[in-house]
Amino acid sequence: MLGLMQDQPLLISSLIEFAERHHGDGEIVSRRVEGDIHRYTYRDLAARSRRLANALDALQLQFSDRVASLAWNGYRHLEMYFGVSGSGRVLHTINPRLHPDQIAWIMNHAEDRVLCFDLSFLPLVQAVHAKCPTVKKWVALCDADRLPQDSGIPGLASYEEWIGGHPSDYVWPQFDENTASSMCYTSGTTGDPKAALYSHRSTTLHAYAAALPDVMCLSARDSVLPVVPMFHVNAWGIPYSAALTGCKLVFPGPAMDGKSIYELMEAEGVTYAAGVPTVWQMLLSHLKPTGLKFSTLKRTVIGGSACPPAMITAFQDDYGVEVLHAWGMTEMSPLGTLCTLKNKHLSLPKDEQMKILQKQGRAIYGVDMKIVDGNGKELPWDGKTYGDLLVRGPWILDTYYQGDSPLMPDAQGRNWFPTGDVATIDADGFMQITDRSKDVIKSGGEWISSIDIENIAMGHPAIAMAACIGMPHPKWDERPIVAVTLKPGMQATREELLQFYEGKTAKWQIPDDVVFVDAIPLGATGKMLKVKLREVLKDYQLPGV
Ligand code: ADP
């Protein structure tokens, strides 16, 4: 017997329709590439998304055709989120920090038909357009009077003129909720990039889950600033959850430095922000010497790479801002776990609570996880045993776009996605990442977590950033070393830093050396690129070897 409830597909268009009807006057504020501040409402967003949908229809784009964006966080990009997917096309968000050859490669792989870009990326588009024969329309996200003359890009249109020529009345089509809605390529640090192809259903379910109190806890009372880019994994789904909850949205545009982010937070009463640790490091470095405080910020989600405990403490103790440590992946839409305490932890002393809050957190309903050994056997949840982390759920990748399925079946025939992370899970279900499996340091048959070594270094007042890698060792296979950058005007010696490790970790886990570098190479999503760091240190010799 089937249930007798209304059968409505979970479509992205339903989010924007809901936003327009139920919190139409909710504000969306964007710092534009032009430098000024733009304000409008969800009602305006909905109307302009419909204009865009009409413009795409007029181009005679087919159902599921790909429409690409190369854009910062801003209102026009948001219109693409709803107008492109809502009309049945697939939004392909491109990370502008990728190499131009890689961008051309993924545009061809995705067979993009339209590319809309912020003017900051004009040189990038000029470099790739001749290599992208599938694109039939190039659109600059700007007013007509800002459209560059002689750009060399055939038929380049201004977004405003383009959508302005189309009506704002449009009936969103209804279709199967499993239809593809958007896609995002992984950064491809090894081999060619691979794409996760999200569906309306996966995106909508993720949007519901992300808004839950123990997840991102978004509400109509929040003013939310996603620093996490809309060009990578849908800004952690915030644009969709925002439409669902009616929170105020504040977009930083291209101004991602600590000072600009801080000023925008203060001006717009931001209560909630989300970003990777490297961005928050910049913000904290701006605040510390100036003595500035946040007047409205209450919570921040930090994820994408391990959040150093020193950062959690700085936000909480110095600024009264709660940090929510999050873990996820492009292949997971991206949210997998978030770290919030359970009721039974509330009476624990603060340092015990801190130990929990450093973990990557508990699974969100919709995500199941387990750790397994090399034979796929499930390992205990004791907080100590570590193994390969596997996940499954309705917003987790099944198969890469035009690629393979990496899933691993278990004895019950359930399929699990191997994350490539190594982790522990404790009895309360809190997961802690030890490492990417390729970054784990194997010393004398034991594993050393590079994240642990980095976190300790980050607790030293002079250290701005730390990256731990294994170096070949004739007796122990590998030994850890830690490469560090110093905060401006600060000093520290190798000996002092090695001393700093004493008592903070087992003796055999203390790095063999500290290497001072000018910068730690970062990838397209602000994560440390250890492959590059190994190249930089290719002539390095461990002391005494
Ligand atoms: P990329 O940015 O390389 O395309 P993802 O954004 O999908 O890829 O990165 C996912 C990986 O980032 C995870 O598998 C994990 O290794 C790492 N990661 C994400 N969040 C955290 C976190 N909170 N702590 C530690 N590692 C994290």
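For the structure itself, consult the block above.
Residues numbered from 1 in each chain as written. Predicted model: local features only at pLDDT ≥ 70, side-chain atom pairs only at ≥ 80, totals over all residues. Heavy atoms only, no water.

**Notes on helix α7 (residues 200-210)**
Reasoning step 1: For α7, the buried fraction is high: 8 of the 11 residues fall into the buried class.
Reasoning step 2: Taken as a whole, α7 has its buried residues at H200, S202, T203, T204, H206, A207, A209 and A210. (Buried < 20%, exposed > 50% of the residue type's maximum accessible area, 1.4 Å probe, protein only. Helix = DSSP H or I, 4+ residues; strand = E, 2+ residues; numbered from the N terminus.)

**Side note on the sheet that holds strand β4 (residues 90-93)**
Reasoning step 1: In spatial order, the strands read β7-β6-β5-β3-β4-β8-β9; together these 7 strands make up an open sheet with mixed pairing. Strands at the two margins of the open sheet, each flanked by one partner only, are β7 (157-158) and β9 (195-199).
Reasoning step 2: Strand direction decides the pairing type here: β4 and strand β8 (residues 180-185), joined by 2 bridges, are parallel. Bridging from a neighbouring strand, H92 pairs with M183 of β8. (Pairing = 2+ DSSP bridges.)

**Structural notes on the pairing of β8**
Reasoning step 1: Counted residue by residue, β8 has 6 buried out of 6 residues, so it is predominantly covered.
Reasoning step 2: One ladder, built from 5 bridges, connects β8 with β9; its direction is antiparallel. Each residue of the ladder has a partner; that of M183, found in β9, is L197.

**Here we look at the nonpolar core**
Reasoning step 1: Ranked by size, the top nonpolar core spans 113 residues in total, and within it F82, W162, M216, M265, W280 and F294 carry the most contacts.
Reasoning step 2: Ranked by residues supplied to this core, first place goes to helix α2 (residues 42-58) with 7 residues.
Reasoning step 3: Excluding residues within four positions of it along the chain, W162 makes contact with L52, A55, L56, L59, V114, C116, K137 and V139. (Core = buried A, V, L, I, M, F, W, Y, C linked by side-chain atoms within 4.5 Å. Contact = heavy atoms within 4.5 Å.)

**Section: the site of the ligand**
Reasoning step 1: The environment of the ligand is made up of 17 residues, and the closest members are A326, T330, D421, R436 and K527.
Reasoning step 2: Here a nitrogen atom of the ligand and a backbone polar atom of A326 are 2.7 Å apart.
Reasoning step 3: Protein chains bury 88% of the 570 Å² of accessible surface belonging to the ligand in isolation.
Reasoning step 4: Broken down by element, the residue count for the shell around the ligand peaks at 4 residues, all from strand β14 (residues 322-328). (Near = heavy atom within 4 Å. Polar contact = N/O pair within 3.5 Å; in protein donor to acceptor, adjacent residues only side chain to side chain. Areas by Shrake-Rupley, 256 points an atom, 1.4 Å probe, with all protein chains shown as cover.)

**Section: unusual backbone geometry**
Reasoning step 1: Of the consecutive residues S333 and P334, the connecting peptide bond is found in the cis state with omega at 5°.
Reasoning step 2: Following the sequence through the fold, P334 ends up in the loop between β14 and β15 (335-338).
Reasoning step 3: Phi at S333 is positive, roughly 75°, even though this residue is not glycine.
Reasoning step 4: Relative to the helices and strands, S333 resides in the loop between β14 and β15.

**Looking at the packing of helix α1 (residues 12-23) against helix α3 (residues 75-86)**
Reasoning step 1: The interhelical angle for the contact between α1 and α3, taken along N-to-C directions, is 130°, at an axis separation of 8 Å. Relative to α3, the element α1 is oriented oblique. The two elements α1 and α3 meet at a crossing, and its hand is left-handed. Within the contact between the two elements, α1 uses I12, S13, L15 and I16 and α3 uses Y81, F82, S85 and G86.
Reasoning step 2: Residues of the contact of α1 with α3, tallied by class, amount to 5 nonpolar, 3 polar and no charged. (Axes fitted to C-alpha atoms, helices over the stretch in contact; angles between N-to-C directions. Parallel < 35°, antiparallel > 145°, perpendicular 65-115°, else oblique. Left-handed = near helix turned anticlockwise from the far one by under 90°. Nonpolar A, V, L, I, M, F, W, Y, C, P; charged D, E, K, R; others polar.)

**Topic: the pattern of salt bridges**
Reasoning step 1: In the structure shown here, the tally under the stated rule is 32 salt bridges.
Reasoning step 2: Put simply, E34 and R32 hold a salt bridge, and the shortest N to O gap is 3.8 Å.
Reasoning step 3: When its relative accessible area of 14% is taken as the criterion, R32 is described as buried.
Reasoning step 4: Residue K530 is joined to E454 by a salt bridge in which the shortest nitrogen-to-oxygen separation is 2.7 Å. On the criterion of sequence distance, the pair formed by K530 in helix α16 (residues 530-536) and E454 in helix α14 (residues 450-458) is long-range, its members being 76 residues apart. (Salt bridge = Lys/Arg side-chain N within 4 Å of Asp/Glu carboxyl O.)

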